[in-house]
Amino acid sequence: MNGMKGLFPLLLATLSCCLLTGCFDLVEQIDMKQDGSGTIKATLNLSKSKTKVASLMQMKSVNGIKIPSQATVTSEVENAVKKLKATKGISNVQYSLDFTNFIATLSCNFTSIQALNEFSNTLSKQFNTKLISYNSYAYNRATRVFSRSYTYAPDIAKQFAKIPSEDRQLFKDAYYTNIIRFEHAIQSQVNKSAKVSSNNKAVLLKIPATNLINGSTTLANTITLTK
């Protein structure tokens, strides 16, 4: 699922389980400071399907999809974290893997918007994917405009179509949530599916995973902050 790779690439090793369980929540939180630095934290939550995921991880493959073991997932994550710690502009890299409830988190600090993009670039090289072509960020300190570019990858729908129809129905309960917080109030934002928080300092985008798969909802946005 290439479209999902740009959202939480560190956990690509577990996406095969997501394909088979359907029910998952992917939450990405970015806290931006005025100078362009900040933090990012992503959480993949499979707890709603933990019984099924636990059963799947006891198997080597299902319907031709290779199921990673706990050791494989842990190894992939540790290798990615090692590379992130060596990435310029990235610090305080932390992660957790809960194999009881099947919840995984990754977080780090970034010194600039370039470092935030380098975060994706580093993981792209680690997992041999093209994350940057799907998703990237920009921030102009002078105009206080924050933007996210996103390009839909049509092959995600082709991959999804290969899943048995009964399994595709499970995705109706799968969601992607993106929260971006700022120090200054938000003047405007252009994504029709997103909402501004009551304190006017955060933008929330929560969409069904199927919307990302079929390309009906974009992640692209331009957020202008007050001066």
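Bear in mind the structure is a predicted one, so any value in this text is a computation, not a measurement.

What counts and what doesn't
Residues numbered from 1 in each chain as written. Predicted model: local features only at pLDDT ≥ 70, side-chain atom pairs only at ≥ 80, totals over all residues. Heavy atoms only, no water. Helix = DSSP H or I, 4+ residues; strand = E, 2+ residues; numbered from the N terminus. Buried < 20%, exposed > 50% of the residue type's maximum accessible area, 1.4 Å probe, protein only. Areas by Shrake-Rupley, 256 points an atom, 1.4 Å probe, with all protein chains shown as cover. Phe/Tyr/Trp six-rings, centres within 6.5 Å; stacked < 30°, edge-to-face > 60°. Core = buried A, V, L, I, M, F, W, Y, C linked by side-chain atoms within 4.5 Å. Contact = heavy atoms within 4.5 Å. Pairing = 2+ DSSP bridges. pLDDT = per-residue confidence, 0-100. Salt bridge = Lys/Arg side-chain N within 4 Å of Asp/Glu carboxyl O. Axes fitted to C-alpha atoms, helices over the stretch in contact; angles between N-to-C directions. Polar contact = N/O pair within 3.5 Å; in protein donor to acceptor, adjacent residues only side chain to side chain.

Below, the discussion takes up the overall build of the protein chain. When its secondary structure is counted, the protein chain shows 9 helices and 13 strands. For the protein chain, with 227 residues in total, the buried portion stands at 48%. By element, 49% of the accessible surface of the protein chain is carried by carbon and sulfur atoms, the whole surface being about 11000 Å².

Each pair of aromatic rings is reported with the distance of its centres and the angle of its planes. Inspection of every chain in the model, using the stated rule, returns 3 aromatic pairs. A ring pair is formed by Phe-99 and Phe-102, whose centres lie 6.4 Å apart and whose planes are at 80 degrees; its orientation type is edge-to-face. Look at Phe-99 and you get partly exposed, because its relative accessible area is 23%. With a centroid separation of 5.7 Å and an interplanar angle of 40 degrees, the aromatic rings of Tyr-137 and Phe-146 are classed as tilted. Here Tyr-137 matches Phe-146 in class, with each residue buried. Joined through ring pairs, the aromatic side chains of Tyr-137, Phe-146 and Phe-182 make up one cluster.

Counting residues in each nonpolar core, the largest one holds 49 residues, and the members touching the most others are Ile-30, Met-32, Phe-110, Phe-119, Phe-146, Phe-182 and Ile-223. Sequence-distant contacts of Ile-223, defined by excluding residues within four places in its chain, comprise Arg-144, Val-145, Phe-146, Ile-180, Phe-182, Ile-186, Ser-188, Gln-189 and Val-203.

Turning to the pairing of strand S5 (residues 90-98), a few remarks are in order. Two strands pair when backbone bridges link them, and S5 and strand S6 (residues 103-110) are joined in this way by 7 bridges, in the antiparallel orientation. Across the sheet, residue Ser-91 finds its bridge partner in S6, namely Asn-109.

Another aspect to go through is the pairing of strand S2 (residues 38-45). In the sheet, strand S1 (residues 25-32) pairs with S2 via 8 bridges, with the strands oriented antiparallel. Counterpart to Met-32 in the pairing with S2 is Gly-38. When S2 meets S6, the two strands line up antiparallel, connected through 8 bridges. For Thr-39, the partnering residue across the bridge sits in S6 and is Asn-109.

Before going further, it helps to spend a moment on the confidence of the model for the protein chain. Across the protein chain, pLDDT averages 82, with 84% of residues at or above 70. Counting interchain partners and residues more than four positions distant, the pLDDT-below-50 stretch residues 1-16 has 55 contacts.

To continue, consider the pattern of salt bridges. Enumeration according to the criterion identifies 2 salt bridges in this entry. In this structure, Glu-28 and Arg-148 form a salt bridge, with 3.5 Å as the shortest nitrogen-oxygen distance. Residue Glu-28 is located in strand S1, and its partner Arg-148 is located in strand S8 (residues 145-150); the two are separated by 120 residues in the primary sequence. Each member of the pair, Glu-28 as well as Arg-148, carries the same accessibility label: buried. A salt bridge links Arg-181 to Asp-31; the shortest N-O distance between them is 3.2 Å. Within this pair, whereas Arg-181 is found in strand S9 (residues 175-181), its partner Asp-31 is found in strand S1, the two being separated by 150 residues in sequence. Overall, Arg-181 belongs to the partly exposed group, its relative accessible area being 29%.

Another point: the sheet that holds S1. Strand order across the open sheet formed by 7 strands is S5-S6-S2-S1-S9-S12-S11, with mixed pairing between neighbours. At either end of the open sheet lies a strand with only one pairing partner, and these are S5 and strand S11 (195-196). Along the sheet, helix H4 (residues 70-85) contacts S5 and S6; its crossing angle with S5, the most-contacted strand, is approximately 170 degrees.

Let us look at the side chain of Asp-25. Mapped onto the secondary structure, Asp-25 falls in strand S1. Taking relative accessible area as the criterion, Asp-25 reaches 16% and is therefore assigned buried. Those residues in contact with Asp-25, other than ones at most four positions away along the chain, are Thr-43, Leu-44, Asn-45, Lys-48 and Tyr-175.

The next thing to look at is the environment of Ser-136. Mapped onto the elements of the fold, Ser-136 is located in strand S7 (residues 135-140). C-alpha separation for the pair Ser-136 and Ser-149, spaced 13 residues apart in sequence, amounts to 5.4 Å. Here Ser-149 takes part through its side chain, which lies 2.6 Å from a polar atom of the side chain of Ser-136.

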